[in-house]
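Residue strings, one per chain:
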Amino acid sequence: MTGRTDRDLLLGALRDPLCLGRLEIHAWSELLPAARRAGVLARLAHLTQQRGVDDALPPRARQQLAAARPLAEQHARILRWEVSRIRDALSALDVRLVLLKGAAYVLAGLPAGRGRLASDVDVLVPRGRIAEVERALLARGFRSMKLHPYDQRYYRTWSHELPPLRHERRRSVVDVHHTILPLTGRVHPDPEKLLAAAEPLAEPGLWVLSPEDLVLHSATHLFQDGDLGGGLRDLLDLDALLRDFGERRSGFWSQLVPRAESLGLTRPLYYSLRFCRRLLETPVPESTWRAAEQAGRPPRPLPTLMDELVLRAVCPDRDDRRTPGAQAARVVLYARSHWLRMPPWLLAYHLTRKALRAWVPDRDEAKA
Amino acid sequence: MSRVRELTAPAIADRLRGPGLALDLGPVVARLGTTLPELLDPVRLLYGGFPIADHEPLVDFEVRIEPGRMLRRWIARQGVAFVDGQRAFAPFPRAQALPMLEWAVNWCTFTRPNQYLLLHSAVVERHGRCLLLPGKPGSGKSTLTAGLVLSGWRLLSDEVAVVPPGAHHVLPVPRPVGLKDASIQAIERFDAGAVIGPRTPGTRKGTVAHLRPPDDSVARRHEPAGPAWIVFPRFEAGAVTALRPISRPEAFLRVAHESFNYSVLGDVGFETLAEIVDRCSCYAMRYGDLATAIEALDDLVTDRSSRPAIAGSEAPR
Amino acid sequence: MGTAWRLPDGQELRWRSWDGEYLLYHANSGDTHRLNAVGAAVLSGIAAGSVETAELVERIARELQLETNAIHEAIVDLLARFEDLGLVEPVDEPGPRADSARDR
């Protein structure tokens, strides 16, 4: 070991899987656990196979990577099947079924869909049709996951999605969104625009967000919507989307920033491109990067502070974990995400209730 | 390679406390570590026959059992488990460190190696072919496995049948056999010479202890065996031991249902399990005492007519 | 009934049979089913090409040497069950479902 951290090792491997053929054996015993901790072992395994470097690896490393692939493949299978069942359930309604996130990546055959562990289906439907869609799904065996009444209220009143629906026999979950960010947030990307720009897949009845919108949705999810627990996994999704669309879709790079402006998502785009370039060396054209900076960069000194926080939260080192630093980094970023989502008075109420419930788990809460 | 029992106690303690003790368990290499002095003797005893895999620069997983920190250490007397350097599972009473170690190694063995089909089953071998004993906890399969192993059967595993995709054989993982409550006494009565590790009372499963795997089984851990019988055991106090044939589709589904990763492997899981079941005669066995059960199984495997004559087919009609 | 049935596009079915029973692995859903001769005959009959319920019943009755009356209702039930599981679909344009049968 040359003194580099697990983080550097992992990022290096993800950036350039071909160099893994030359990685010394002791580094593998750092790399594999690091990939596991970050939840990206399956992605790494997909990359080594795709780049054809698998055969050059030490046998035990090759085996552990091989062991990581079946679960990701199963999740992709589940996604495809669930989408087909949902489409079937909604076939009588004249509603465009627009797929988001993992379901979109897999059904559209995108590189971002490979090596991923997620089998919940996310769909976007017009807000006015939500009730019908929910009824149609309930008629086919989906059930609203039991939640504390407070959470049900939160979802239906303030959130961007219905409470998740779980199928009673298959145990699969579908999240029905009517916009991509909570209604309580400070940013309101117009769902009509998203739906209007959606593109049909070869399979009849299925649509996905446009390339720019898939990227922007992923960007908001990483830096605004979630709690950054996904960290490196979500960054890898973004990197895969950007590389693929950048290569295959003409006009993608030039349309990206204007689209972000039109949806009010320049800030998350800025951060996404910044960290994708920095950590994964995503080949973003200079012109796009300059435009994103101009449109989305917050006033100094915020970016530098964010750098440190994000780096620690996105790629926790094994040692980091034991320091209060990484924990604190995550808490600060989580607080920031929530701040962007809710007005402060509501945030205080929500966080207090969540904190209380952590200590007194509810009978009603569904098990995962 | 030296075996664990060939090292002195201080040497083992040093390894456990420091770099860890790497053990070749068969299809996986595990590194064990702990600073709890009370685990030294049990590890030496139960894993004594295993070679130390010093030459392996890369292990499949690492399990460490440590005392809890701060309050958890001094007031609550708890232990914590680490898998690959990360906290895993909930803290547990320190007195249960040994079962916890075994349990953590089980967990890693059952959930990680998805390059294999992993069935929840004991596996023992006689006359070159192996017998699968699938069963939920409480079925008595561990007691039966221990009894068979003490009667000259080779131990492949007490919990998991490891099958490479498309293979017609099972890979051994001959680790200590977990026993609980009444089965501990039953085994001691069955064979007074049985080497059993310390008892740990008060666990979720009651009192737990482990039978040391025979040296021969450990030495042959890289020798796979082709399956010929699947028997679903069920212990019923006072029952007359009886074997009842069951259909292969029924056996297939019961085994698949209990498997650790059948559905994860998709079509590979289906085809691999089909190849195994195709080669097996399948039975349900009710038994009331260990000796008659072992006798019934001995008879089963010696009787050549118990092998399936007709292989299954791959399409309807 | 005049309903004709077919396998939806792209379904992958794998079969094994022992001792007069059949195991079916439906690769798309990941489900494994255990079928008797009638169930297997229904599915493999449909897999061979789209077919109307009445004709399917006749065919199976002939092959397995059973009375059509005896198996007709069972086959209708089976078809409903297979439809719920996504194994088969009616050949007509999928429209609003007449009943409120749910996925079980």
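Here, the structure is the one placed above.
Residues numbered from 1 in each chain as written. Chains lettered and ligands numbered in written order. Predicted model: local features only at pLDDT ≥ 70, side-chain atom pairs only at ≥ 80, totals over all residues. Heavy atoms only, no water.

Focus on the overall build of chain B
Counting its secondary structure elements, chain B contains ten helices and 15 strands. Against the compact-globule benchmark of 20 Å for 317 residues, chain B has a radius of gyration of 20 Å, which places it among compact chains. Considered along the principal axes of its C-alpha atoms, chain B spans approximately 65 × 40 × 35 Å. A burial count over chain B gives 61% of its 317 residues as buried. Summing over all exposed atoms, chain B offers an accessible surface of approximately 12,500 Å²; the carbon and sulfur share of this is 54%. (Helix = DSSP H or I, 4+ residues; strand = E, 2+ residues; numbered from the N terminus. Rg over C-alpha atoms; globule rule 2.2 N^0.38 Å. Buried < 20%, exposed > 50% of the residue type's maximum accessible area, 1.4 Å probe, protein only. Areas by Shrake-Rupley, 256 points an atom, 1.4 Å probe, with all protein chains shown as cover.)

Here's the deal with the side chain of arginine 64 of chain B
Residues and elements named next belong to chain B. Within the fold, arginine 64 resides in strand β3 (residues 61-67). Here the side chain of arginine 64 touches leucine 16 through a polar contact of 3.4 Å, landing on its backbone oxygen. One polar contact links arginine 64 to glutamate 62, side chain to side chain, over a distance of 3.3 Å. If sequence neighbours within four positions are ignored, arginine 64 has contacts with Leu16, Arg17, Gly18, Pro19, Gly20, Gly33, Thr34, Val80, Ala81 and Phe82. (Polar contact = N/O pair within 3.5 Å; in protein donor to acceptor, adjacent residues only side chain to side chain. Contact = heavy atoms within 4.5 Å.)

Description of the interface of chain A and chain B
Between chain A and chain B, the residue contacts involve 20 residues of the former and 21 residues of the latter. Area buried by chain A at its contact with chain B is led by Arg36, Arg60 and Ala67 of chain A, which between them contribute 29% of it. Here chain A and chain B share three salt bridges between them. Run the count over chain A and chain B and you get seven residue pairs in polar contact (both at pLDDT 80 or more). Those elements giving two or more residues to the side of chain A that touches chain B turn out to be α2 (25-37), α4 (59-89) and α15 (318-322) of chain A. (Buried area = accessible area lost by both parts, 1.4 Å probe. Salt bridge = Lys/Arg side-chain N within 4 Å of Asp/Glu carboxyl O.)

Notes on the nonpolar core
Membership of the largest hydrophobic core comes to 97 residues, with the highest contact counts inside it found for Leu10, Leu14, Trp28, Leu31, Leu99, Leu137 and Val176 of chain A. Setting aside anything within four residues of it in sequence, one finds leucine 10 of chain A in contact with Leu31, Ala34, Ala35, Ala38, Val40 and Leu232 of chain A. Judged by nonpolar contacts, the second largest core, of 41 residues, contains Leu21, Val43, Phe92 and Val218 of chain B. (Core = buried A, V, L, I, M, F, W, Y, C linked by side-chain atoms within 4.5 Å.)

A look at the sheet that holds strand β11 (residues 200-203) of chain B
Residues and elements named next belong to chain B. With respect to topology, three strands assemble into an open sheet ordered β10-β12-β11, the strand pairing being antiparallel. Both outer strands of the open sheet, β10 (177-180) and β11, are each paired with one neighbouring strand and no more. This sheet shows a mean twist of 40° between the axes of neighbouring strands, independent of strand direction. Pairing of β10 with strand β12 (residues 206-211), which is carried by four bridges, proceeds in the antiparallel orientation. Each bridged residue has a counterpart across the sheet, and for glycine 178 the counterpart in β12 is histidine 210. On the sheet, helix α4 (residues 97-111) packs against β11 and β12 and is oriented at approximately 65° with respect to β12. Each of β10 and β12 is contacted by helix α5 (residues 141-150), which is oriented at about 125° to β10, the strand it contacts most. (Pairing = 2+ DSSP bridges. Axes fitted to C-alpha atoms, helices over the stretch in contact; angles between N-to-C directions.)

Observations concerning the pattern of salt bridges
Inspection of every chain in the model, using the stated rule, returns 56 salt bridges over all chains. One salt bridge in this structure joins aspartate 122 of chain A and lysine 101 of chain A, with 3.9 Å as the shortest N-O distance. You can see aspartate 122 of chain A sitting in strand β2 (residues 121-124) and its partner lysine 101 of chain A sitting in helix α5 (residues 101-107), a full 21 residues away along the chain. Using a relative accessible area of 7% as the deciding quantity, one classes aspartate 122 of chain A as buried. Overall, lysine 101 of chain A belongs to the buried group, its relative accessible area being 18%. We note a salt bridge from glutamate 125 of chain B to arginine 154 of chain B, for which the minimum N-O separation is 2.6 Å.

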